[in-house]
Amino acid sequence: MCGIVAYTGSNEAYPILIKGLKRLEYRGYDSAGVALSQGNKIGLYKCRGRVADLDLFCSDKDIKACAGIAHTRWATHGEPNTQNAHPHLSEDGKIALIHNGIVENYLVLKKELMSRGYKFQSNTDTEVLVHLIQDIFVKEQVPLEEAVRIALGGVVGTYALAILSADNPGQIILAKKGSPLLIGIGDNEYYVGSDGAPIVEYTKKVVYLEDGDVAVVAPQKKLVIRNINDNAKKRPYWQKLEMNLEQLEKDGFEHYMLKEIFEQPKAIRDSMRGRLNVQKDVVSLGGIIEYETKMMNARRFIIVACGTSYHAGLVAEYLFENIARIPVEVEYASEFRYRNPLIYEDDVIIAISQSGETADTIAAVELAKRKGATVIGICNVVGSTLARATNAGSYTHAGPEIGVASTKAFTAQVTVLTLMALSIARKKGTLALSEYHQIIGCLEDIPEKVNEILQLDDIIKDISTHFVNKRNAIYLGRGVNYPVALEGALKLKEISYIHAEGYPSAEMKHGPIALIDEEMPVIVLATEQETYEKTVSNIQEVIARKGRIISIVTKGDTLVKEMSNYCIEIPATTELLTPLISCIPLQLLAYHVAVLRGCNVDKPRNLAKSVSVE
Ligand code: G6P
């Protein structure tokens, strides 16, 4: 949700800023802008559209500068146009500011500032910040960083800010509450980013700012961090950035999404690495060892997440209830946090998030912590807010996921949740050793089976040609395949803009069946399952209404295959692990449909990968 990049040092700032913005574009791509420190002036360039548009716009401008701040926007307040693009300038043109987050009390602040004569150029919530800071700066005659600190005391909401001042070329002021921001230190220079992607090429030594921090960076000077509330100075905690540059490249694939789909065998293996000791019958997730007894004795698990991560949570419900016999509730974080939920001290909350920055998920975690529950995190981005906000947790180790539609993060999340369920089940004694061995054996084979499915890419591409002109699609699945149906539908709608619904197969007759006619593609997950026969009946119901069946079946199936218009065969596995492989053809199907429809697969309209606003 908006990406921030900043640089100050002796190198040319603009190329670093633009490259950084390109790497952060997954966070939003409604508009982009840059403010450059040029002598005692600020050069401001911004435009509607993508970072490439900004770069083109700047191609004939004077962009020489050794410090600057840059922003790529996902619009919240105010439509995506040039006026609303960041940076925003103070009235005297001497302060430029970029923001990721939401100023919740911006209307009150705006009214007050307007009554004092301030004129607003945009419809954003952000612009109030720059006027407010300038107001305090002029009135109180304090250093700019102090004006920022005082101003933020009156701001309700979330922010990651970077501020440039004409009076102090080279100095950048940063502040954080609720949205991520990290600072990398180079050779007498500083790099700033919403995540490590714009920084990793230059340095791996970083500080993750914490909520309530105001920081000042300037070349040749030490990083200074103070607390917004009490102005206390804080010692920066330097850490190693866990990221490689190669992971951020497309590696010959046409899109990041396709690359990430094909990376799944490795991502799944990496998420298991060092955690599975087959000889010793041990599954061990180092990050949660201390909390395993708590987890074993939990009254219940409450899983909170959003989007695709929520679907991984739904899969986990089957895993934990079936093998560890622990009651599980799975909730959209955004609903959970606002409905005054009953949370007990012996509840364990499991928060799942690829980015570790999703605002609603973080808020749900904070709520659970206040109520005294134990909070376990599962996330992909090392050092993210979620990783730091939870009592304990496990990383998914899937590597950076850049395509906005989540793929490898999902399968890695399900893998880690499976390991968690297995570990707890063994310790609790709810899973017989023979079954445990059987599941572990199957889990180890999953990467190879995913590989096998990836070889069907051309067949799936062919099938996708029949979707191009469709306006709707229904996805059906039962049991563990129900969350996969939801995930398949989400993939299709988010990248191809075809309306799609996922349903439990049996629920179809309580509504969606009314939609079925010869135009409606119905994608049915009909793999080997206890409920296979029931699924066959559901398929009959669709065929009777002339719906088109695209089935995902277990290799060797003939019954459903013969009933289907198109059929994709996947290898057999144990029922509980089916989601790890049955989701793969649905990811590929959505991908190819979207490409055929000419959609921007990696950056679908209106979406952002990291939703750090409510
Ligand atoms: C956005 C992304 C989805 C993602 C969801 C949750 O909607 O587009 O791909 O599943 O946020 O994100 P998280 O980082 O918390 O998993």
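Here the structure is a predicted model, which is why all the values come from computation and not from measurement. Here the residue index of a chain counts from 1 through its sequence in written order. Reporting in this predicted model follows two pLDDT cut-offs: at least 70 for local features of residues, and 80 or more for side-chain atom pairs to be given and counted; totals over whole chains, interfaces and linings ignore these cut-offs and use all residues. Neither water nor hydrogens contribute to the side-chain values; these are computed over all heavy atoms in the structure.

Asks: Run through helix α3 (residues 106–115), naming residues and quoting values.
Replies: Buried within α3 are the following residues: Tyr106, Leu109, Lys110 and Leu113. What you see down the axis of α3 is that its buried residues fit within an arc of 100°, all on one side. In this structure, α3 carries Leu107, Val108, Lys111 and Ser115 as exposed residues pointing more than 90 degrees from its buried face. When checking whether two residues touch, look at their non-hydrogen atoms; a contact exists if any pair is within 4.5 Å. Under the scheme used here, helices are H or I runs from DSSP no shorter than 4 residues and strands are E runs no shorter than 2 residues, and both carry numbers assigned from the N terminus. Its buried side turned inward, α3 meets β6 (95–103) and α4 (127–140). Only protein chains enter the accessibility calculation, which uses a 1.4 Å probe; a residue is then buried when its area is under 20% of its type maximum, exposed when over 50%, and partly exposed in between. What the arc measures is the spread of directions leading from the helix axis to the C-beta atoms.

Asks: Let's hear about the pairing of strand β24 (residues 499–504): which residues, and what values?
Replies: In terms of strand pairing, strand β23 (residues 472–477) meets β24 through six bridges, oriented parallel. Each bridged residue has a counterpart across the sheet, and for Gly477 the counterpart in β24 is Pro504. For crossovers, right-handed means that the path from the first strand over the helix to the second runs clockwise, given strands pointing away from the viewer. The handedness of the β23 to β24 crossover, carried by helix α16 (residues 481–496), is right-handed. At least two bridges found by DSSP between two strands is the condition for calling them paired.

Asks: Break down the sheet that holds strand β18 (residues 300–305) for me, with residues and values.
Replies: If you trace the five strands from one edge of the open sheet to the other, you get β19-β18-β20-β21-β22, paired in parallel fashion. With one partner strand each, in any of the chains shown, β19 (328–332) and β22 (392–395) form the two edges of the open sheet. The sheet shows a mean angle of 20° between the axes of neighbouring strands, taken without regard to direction. With four bridges connecting them, strand β21 (residues 374–379) and β22 associate as parallel partners. The partner of Ile376 across the bridge, within β22, is Ala392. Against the sheet, helix α9 (residues 307–324) engages β18, β19 and β20 (347–353), with an angle of about 175° to β19. The axes used here are C-alpha line fits, helices contributing only the stretch in contact, and every angle between their N-to-C directions lies in the interval 0 to 180 degrees.

Asks: Which residues make up the domain arrangement of the chain, and what are the values?
Replies: How big an interface is tends to be expressed through the accessible area that disappears when the partners come together. Domain limits in this description derive from either an automatic procedure or a database domain assignment. Split by domain assignment, the chain resolves into domain 1 (3–247), domain 2 (249–453) and domain 3 (456–603). Spacing between the C-alpha centres of domain 2 and domain 3 amounts to 25 Å. With 36 residues of domain 2 at the contact, the number on the domain 3 side is 33 residues. Summed over both partners, the accessible surface that disappears when two parts come together, traced with a 1.4 Å probe, is what is meant by buried area. Across the domain 2 to domain 3 interface the summed buried area is about 3,100 Å²; carbon plus sulfur atoms make up 73%. Contact with domain 3 buries area across many residues of domain 2, yet Met257, Tyr318 and Ile453 alone supply 23% of it, more than any other trio. Residue Glu452 pairs with Lys555 through a salt bridge whose shortest N-O separation is 2.8 Å. Polar contacts, as used here, are pairs of N or O atoms within 3.5 Å; protein pairs need one atom able to donate a hydrogen and one able to accept it. Residues neighboring in sequence count only if both atoms are side-chain atoms. Applying the counting rule to domain 2 against domain 3 returns 14 residue pairs in polar contact (both at pLDDT 80 or more). One speaks of a salt bridge when a side-chain nitrogen belonging to Lys or Arg is within 4 Å of a carboxyl oxygen belonging to Asp or Glu.

Asks: Give a description of the site of the ligand that names residues and reports values.
Replies: Think of it this way: one heavy atom of a residue within 4 Å of a molecule or strand is enough to make that residue near it. The immediate surroundings of the ligand are formed by 13 residues, with Ser309, Ser353, Gln354, Ser355 and Thr358 found nearest. Within the backbone of Val404, one N or O atom sits 3.1 Å away from an oxygen atom of the ligand. Within the backbone of Ala608, one N or O atom sits 3.1 Å away from an oxygen atom of the ligand. Accessible surface is estimated by sampling points in the Shrake-Rupley manner with a 1.4 Å probe; for residues, cover comes only from the protein chains shown. Within the complex, 90% of the 380 Å² of free accessible area of the ligand lies under protein. For the shell around the ligand, the element with the highest residue contribution is α9, accounting for three residues. Residues are grouped as follows: Ala, Val, Leu, Ile, Met, Phe, Trp, Tyr, Cys and Pro are nonpolar; Asp, Glu, Lys and Arg are charged; every other residue, Gly included, is polar. Looking at the shell around the ligand residue by residue, the classes come out as four nonpolar, eight polar and one charged.

Asks: Report on unusual backbone geometry, specifying residues and quantitative values.
Replies: Here the residue pair His86 and Pro87 is connected by a cis peptide bond, since its omega of -5° sits within 30 degrees of zero. Tracing the sequence through the fold places Pro87 in the loop between β4 (67–73) and β5 (88–89). Positioned with a positive phi, Gln220 is a non-glycine residue whose angle comes to about 65°. You can see Gln220 is positioned in the loop between β12 (213–217) and β13 (224–227). Unlike most non-glycine residues, Asn231 shows phi in positive territory, near 65°. Residue placement: Asn231 occurs in the loop between β13 and β14 (233–234). Its relative accessible area of 24% is what places Asn231 among the partly exposed residues.

Asks: So what's going on with a positive patch on the surface? Residues and values would help.
Replies: Residues form patches when they are more than 30% accessible in relative terms and have no salt bridge. Like charges link within 9 Å. Nonpolar side chains (Val, Leu, Ile, Met, Phe, Trp, Tyr) link within 5 Å. In this tally Asp and Glu are treated as negative and Lys and Arg as positive; neither His nor the chain ends contributes. To locate a charge, take NZ of a lysine, CZ of an arginine, CG of an aspartate or CD of a glutamate. A grouping of Lys222, Arg226, Lys233 and Arg235 is seen on the molecular surface, where their side chains present a positively charged patch. Residue class for Arg235 comes out exposed when judged on its relative accessible area of 78%.

Asks: Got a sec to walk through the side chain of Gln134? Specific residues and values, please.
Replies: Its place among the elements puts Gln134 in helix α4. Residue class for Gln134 comes out buried when judged on its relative accessible area of 8%.

Asks: I'd like to hear about the packing of aromatic side chains, residue by residue, with values.
Replies: Under the pairing criterion, centres of Phe, Tyr and Trp rings, with the six-membered ring standing for Trp, must be within 6.5 Å; the plane angle then separates stacked pairs below 30 degrees from edge-to-face pairs above 60, leaving the rest tilted. Summed over all chains, the structure comprises five aromatic pairs. A connected cluster of aromatic rings, assembled from ring pairs, spans Tyr7, Tyr191 and Tyr202. In this scheme, Lys NZ or Arg CZ marks a charge over a ring once it lies within 6 Å of the ring centre and within 35 degrees of the ring normal. Lying across the ring of Phe120, Lys110 places its NZ or CZ 4.9 Å from the centre. Over the ring of Tyr344 we find Arg299, and its NZ or CZ is 3.8 Å from the ring centre.

Asks: Go over the nonpolar core with me, naming the residues and quoting the values.
Replies: Residues Phe301, Phe320, Ile350 and Tyr475 are the most contacted members of the largest nonpolar core, which totals 92 residues. It is helix α19 (residues 578–596) that provides the largest number of residues to this core, a total of eleven residues. Both of domain 2 (249–453) and domain 3 (456–603) provide at least three residues apiece to this core. Ignoring sequence-local partners within four residues, the contact set of Ile350 consists of Met295, Phe301, Ile302, Ile303, Val304, Phe320, Ile376, Ile378, Leu417 and Met420. In terms of nonpolar packing, the next biggest core, distinct from the first, is built from 34 residues, Val5, Leu54, Ala65 and Met243 among them. Each nonpolar core is a collection of buried residues, namely Ala, Val, Leu, Ile, Met, Phe, Trp, Tyr and Cys, held together in the definition by side-chain atoms within 4.5 Å.

Asks: Run through the sheet that holds β24, naming residues and quoting values.
Replies: Here five strands make up an open sheet; going across it, the order is β24-β23-β25-β26-β27 and the pairing parallel. The outermost strands of the open sheet, each flanked by one partner alone, are β24 and β27 (566–570). Between one strand axis and the next, the sheet turns through 15° on average, direction left out of account.

Asks: Which residues make up the pattern of salt bridges, and what values go with them?
Replies: Taken as a whole and judged by the stated rule, the model has 31 salt bridges. Put simply, Asp135 and Arg116 hold a salt bridge, and the shortest N to O gap is 2.4 Å. Linking Asp135 in helix α4 with Arg116 in the loop between α3 and α4, this pair joins segments that are 19 residues apart in sequence. Between Lys234 and Asp213 there is a salt bridge; the shortest N-O distance is 2.8 Å. With Lys234 in strand β14 and Asp213 in strand β12, the pair connects residues that are 21 residues apart, well separated along the chain.

Asks: I'd like to hear about the environment of Ser179, residue by residue, with values.
Replies: Among the structural elements, Ser179 can be located in the loop between β8 (172–177) and β9 (182–185). Separated by 15 residues in the primary sequence, Ser179 and Ser194 place their C-alpha atoms 8.0 Å from one another. Aside from chain neighbours lying at most four places away, what touches Ser179 is Asn100, Gly101, Thr158, Tyr159, Ala160 and Ser612. From its side chain, Ser179 meets the backbone oxygen of Asn100 in a polar contact 3.0 Å long.

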